[in-house]
Number of protein chains: 2
Amino acid sequence: MPRVVDHESRRRRIAAAVFGLIAEGGLEAATLREAADRAGVSMGAVQRCFATKEQLMLFVHDYLNAQVTARVQTRIDAAPDPGDTVTMLAETLAGILPLDEDSRAESRVWLAFAAQAAVDPALGELQRRSYRELAALFALLVRAAAESGRFRAGLDPDVVAADLVTMTDGLSVQLLVGLHTPDSARVVLDARLDALRA
Amino acid sequence: MPRVVDHESRRRRIAAAVFGLIAEGGLEAATLREAADRAGVSMGAVQRCFATKEQLMLFVHDYLNAQVTARVQTRIDAAPDPGDTVTMLAETLAGILPLDEDSRAESRVWLAFAAQAAVDPALGELQRRSYRELAALFALLVRAAAESGRFRAGLDPDVVAADLVTMTDGLSVQLLVGLHTPDSARVVLDARLDALRA
DNA sequence: TCCTTTCCGATGCGCTTGTATCGAAACCTA
DNA sequence: TAGGTTTCGATACAAGCGCATCGGAAAGGA
């Protein structure tokens, strides 16, 4: 059993390379050769880690989700009150939005996948699942905040969660295209949260 | 001056073909050969009408805007009270959203261009201009509705217009991905309009 | 009628793509 | 140390791409 290498870390390295390529040039810029170059490996290595390009792209989609999740967790941990449900909700929302260069790159990749998901059933199903998880998280936090009295009573957590997902998508597009600035987006976000508070 | 043909109508025919290709398979499916086939012309004709593929894509972007505008105008004309500002606003919003198969196709193409615009400055500028026009129209209608007493006084038309643009983008994405249904999207839209009424 | 001018359809070219292939190198076991 | 197994790097290949080329067809003026 010779020449054993850490496949998983190499897969992540390649995924990170593809992520960068998509962030800079869209899905069309994601070619196996460029990915191999950027990851510092040969094409043969890429082909050994991923049987087809489609599998690679699905892995990159998961990699994107992991990146966003990690960013959000970091934000929450750095907040003054990491255990507070409203803090968690606010930091999650702010962490998803493209408010700095890193999150802009993530959002560009997200948008590229969203466009592809609209014409690719398999990717669409994957994305639908991701959205459902996000909405469930939002609903969980909203319900907890309402029960603890931090949010108004009588809110429908699922409806509010869906609204928040819709808002983040809209704001992300507007931030990327440049019609919203990070400052103006924060105003919208804060206003939305204020409207929920008791 | 022989062999004179109607260039403009041929350009629209080709644009319509590319539009269909993008709606079905994303930007990657938009190739000159497929476009020529679908439009029922030869590649030579396509090359005569558009010097490069980039010019063709920019034309398709304008074609998309024209399609949406025409749909919205049709909706307004068919409404019971075409002259009412609130009616115009409501029909414009509903016309933009992917609520039926035709508008879903338009929204898929819009999303494909939005993703490309995030990594292509020229297309980004074009899209920014389109968004500004839309926001200006919304602001105009909101201001008129507020002055005529149909909407609450004290609304900032520009802020409301930006919010409406953001909402339509978010709803469009959620409708395309399948987390919102046409019915649930209409509920959100109606609620947003109700919140503006006096 | 013929000629000039415009147009178009077909074909070719250079390039890039994803994937397949394969000899060589690397490593663990015996 | 020898052997066998796994991995990798380079290369080959077919397909598809945008774009360039060009001979002939079409149409109005002389």
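Throughout this description, residue numbers start from 1 for each chain and increase along the sequence as written. Chain letters and ligand numbers both follow the written order, the letters beginning at A and the numbers at 1. The predicted nature of this model means local features are confined to residues of pLDDT at least 70 and side-chain atom pairs, given and counted, to a pLDDT of 80 or more, with totals for whole chains, interfaces and linings taken over all residues. Water and hydrogen atoms were dropped before computing side-chain values, which therefore reflect all heavy atoms in the structure.

Participant: Report on the overall build of chain A, specifying residues and quantitative values.
Facilitator: Along its length, chain A carries 9 helices and 0 strands. Counting only C-alpha atoms and orienting by the principal axes, one finds that chain A spans roughly 60 × 40 × 30 Å. Burial here depends on accessible area, computed with a 1.4 Å probe over protein chains only, as a share of the maximum for the residue type. Under 20% is buried, over 50% is exposed, and the range in between is partly exposed. Taking all 198 residues of chain A together, 48% fall into the buried category. A separation of at least 24 residues holds for 66% of the contacts in chain A among residues at least 6 apart in sequence. Carbon and sulfur atoms make up 52% of the accessible area of chain A, which totals about 9,600 Å². What counts as a helix is a DSSP run of H or I of at least four residues, what counts as a strand is a run of E of at least two, and both are numbered from the N terminus. Contact definition: two residues touch when any of their heavy atoms are within 4.5 Å. Areas reported here follow the Shrake-Rupley algorithm with a probe of radius 1.4 Å; residue values treat only the protein chains shown as occluding.

Participant: Break down the pattern of salt bridges for me, citing the residues and quoting the values.
Facilitator: Residues and elements named next belong to chain A. Definition used for salt bridges: Asp or Glu carboxyl oxygen within 4 Å of a side-chain nitrogen of Lys or Arg. Under the defined criterion, the tally for this structure stands at 20 salt bridges over all chains. For Arg108, the salt bridge identified is with Glu101, shortest N-O distance 3.4 Å. Look at Arg108 and you get buried, because its relative accessible area is 15%. Across the pair Asp194 and Arg197 runs a salt bridge, and its minimum N-O distance is 3.1 Å. Arg197 gets classed as partly exposed once you look at its relative accessible area, which sits at 32%. Each of the salt bridges in this network shares a partner with another, and the network as a whole consists of Glu125, Arg128 and Arg129.

Participant: Describe the UniProt feature "domain: HTH tetR-type" (unreviewed entry) in chain A, with residues and values.
Facilitator: Feature annotation in UniProt assigns "domain: HTH tetR-type" (unreviewed entry) to the following positions: residues 8–68 of chain A. End C-alpha to end C-alpha, residues 8–68 of chain A measures 19 Å, and it is 80% helix and 0% strand. UniProt positions are given in the numbering used here, feature names are shortened, and annotations may be inferred rather than shown by experiment.

Participant: Any details on the packing of aromatic side chains? Residues and values, ideally.
Facilitator: All names here are of chain A. Paired rings are identified among Phe, Tyr and Trp, the last through its six-membered ring, by centres lying within 6.5 Å, and are further divided according to the angle between planes into stacked (under 30 degrees), edge-to-face (over 60) and tilted (the rest). This model, assessed by the stated rule, comprises 4 aromatic pairs over all chains. Consider the rings of Phe19 and Tyr63, whose centres lie 5.9 Å apart with planes at 70°: the pair is edge-to-face. One end of the pair, Phe19, is in helix 1 (residues 7–25); the other, Tyr63, is in helix 4 (residues 53–78), and 44 residues separate them in sequence. Geometrically, a charge over a ring is one whose NZ (Lys) or CZ (Arg) sits within 6 Å of the ring centre while staying within 35 degrees of the ring normal. Cation over ring: Arg11 sits above Phe59, and NZ or CZ is 4.7 Å from the ring centre.

Participant: Before we move on, can you summarise the relation of the copies chain A and chain B with the specific residues and values?
Facilitator: Each copy superposes on the other: chain A lies on chain B with an RMSD of 0.0 Å after a rotation of 180° and an axial shift of 0.0 Å. In short, the pair behaves as if placed about a two-fold rotation axis. Taking C-alpha positions as reference, the residue of chain A nearest the rotation axis is Gly170 of chain A, located at 1.9 Å. Here 100% of the contact residues of chain A are again contact residues in chain B; the copies associate through an equivalent surface. Only residues with pLDDT of at least 70 in both copies contribute their C-alpha atoms to the least-squares superposition of the copies.

Participant: Talk me through the environment of Thr166 of chain B; I want residue IDs and the actual numbers.
Facilitator: Relative to the elements of secondary structure, Thr166 of chain B occurs in helix 8 (residues 157–177). On a C-alpha basis, the gap between Thr166 of chain B and Val142 of chain B in space is 15 Å, while along the polypeptide they are 24 residues apart. Aside from chain neighbours lying at most four places away, what touches Thr166 of chain B is Met167, Gly170, Leu171, Gln174 and His180 of chain A.

Participant: Before we move on, can you summarise helix 7 (residues 121–147) of chain B with the specific residues and values?
Facilitator: Spanning 27 residues, helix 7 of chain B covers 38 Å between terminal C-alpha atoms, matching the ideal 39 Å at 1.5 Å per step. Within the span of helix 7 of chain B, buried status applies to Leu123, Gly124, Gln127, Tyr131, Leu134, Ala135, Phe138, Ala139, Leu141, Val142 and Ala145 of chain B. Where the residues of helix 7 of chain B are buried, they touch helix 8 (157–177) of chain A together with helix 4 (53–78), helix 5 (85–96), helix 6 (101–117) and helix 8 of chain B. Polar contacts, as used here, are pairs of N or O atoms within 3.5 Å; protein pairs need one atom able to donate a hydrogen and one able to accept it. Residues neighboring in sequence count only if both atoms are side-chain atoms. Measuring from the backbone nitrogen of Ala122 of chain B back to the side-chain oxygen at the start of helix 7 of chain B gives 3.1 Å, which picks out Asp120 of chain B as the cap. Just past helix 7 of chain B, the residue Gly149 of chain B takes up positive phi, approximately 85°. Expected helix span is taken as 1.5 Å per residue step, with the number of steps being one fewer than the number of residues.

Participant: Account for the interface of chain A and chain B, naming residues and giving values.
Facilitator: Of the residues lining the interface, 35 residues belong to chain A; the matching set on chain B comes to 36 residues. A 1.4 Å probe defines the accessible area here, and the buried area is the portion of it lost by two parts on being joined, summed over both. Both sides together, the interface formed by chain A and chain B hides about 2,500 Å², and carbon and sulfur atoms give 69% of it. Together, Thr166, Val177 and Leu179 of chain A form the three largest contributors to the area buried by chain A at its contact with chain B, with a combined 21%. Across the contact surface, chain A and chain B share 0 salt bridges. Going through the elements one at a time, helix 1, helix 6 (101–117), helix 7 (121–147) and helix 8 of chain A are the ones with two or more residues in the side of chain A that touches chain B. With 11 residues, helix 8 of chain A is the largest single contributor of residues to the side of chain A that touches chain B. When grouped by side-chain class, the residues that make up the side of chain A that touches chain B number 19 nonpolar, 9 polar and 7 charged. Amino acids outside the nonpolar list (Ala, Val, Leu, Ile, Met, Phe, Trp, Tyr, Cys, Pro) and the charged list (Asp, Glu, Lys, Arg) are all regarded as polar, and Gly is one of them.

Participant: Would you mind going over the nonpolar core in detail, with residue names and values included?
Facilitator: Nonpolar cores are built from buried Ala, Val, Leu, Ile, Met, Phe, Trp, Tyr and Cys residues. Side-chain atoms within 4.5 Å join them into one set. Core analysis: the biggest nonpolar cluster contains 139 residues, and Ile22 of chain A together with Ile22 of chain B have the highest contact counts within it. Residues contacting Ile22 of chain A, with those up to four places away along its chain left out, are Leu27, Ala30, Met57, Val60, Val109, Ala112 and Phe113 of chain A together with Val119 of chain B.

Participant: I'd like a description of the UniProt feature "DNA-binding region" (unreviewed entry) in chain A, backed by residues and values.
Facilitator: Using the residue numbers shown here, the UniProt feature "DNA-binding region" (unreviewed entry) corresponds to residues 31–50 of chain A. End C-alpha to end C-alpha, residues 31–50 of chain A measures 13 Å, and it is 75% helix and 0% strand.

Participant: Go over the domain arrangement of chain A, please, and point to the residues and values.
Facilitator: Residues and elements named next belong to chain A. Throughout the structure description, domain borders are defined by an automatic or database domain assignment. Each assigned domain of chain A is listed with its residue range as follows: domain 1 (1–51) and domain 2 (64–196). Here domain 1 and domain 2 have C-alpha centroids that lie 29 Å from each other. Contacts between domain 1 and domain 2 engage 4 residues on the former and 8 residues on the latter. A combined buried area of about 560 Å² lies between domain 1 and domain 2, and 85% of that area is made up of carbon and sulfur atoms. Three residues stand out in domain 1 for area buried against domain 2, namely Phe19, Ala23 and Leu27, and they jointly supply 81% of the buried area on that side. Here domain 1 and domain 2 share 0 salt bridges between them. Between the two partners, domain 1 and domain 2, sit 1 residue pair in polar contact (both at pLDDT 80 or more). Among the residues making up the side of domain 1 that touches domain 2, the classes are represented as 4 nonpolar, no polar and no charged.

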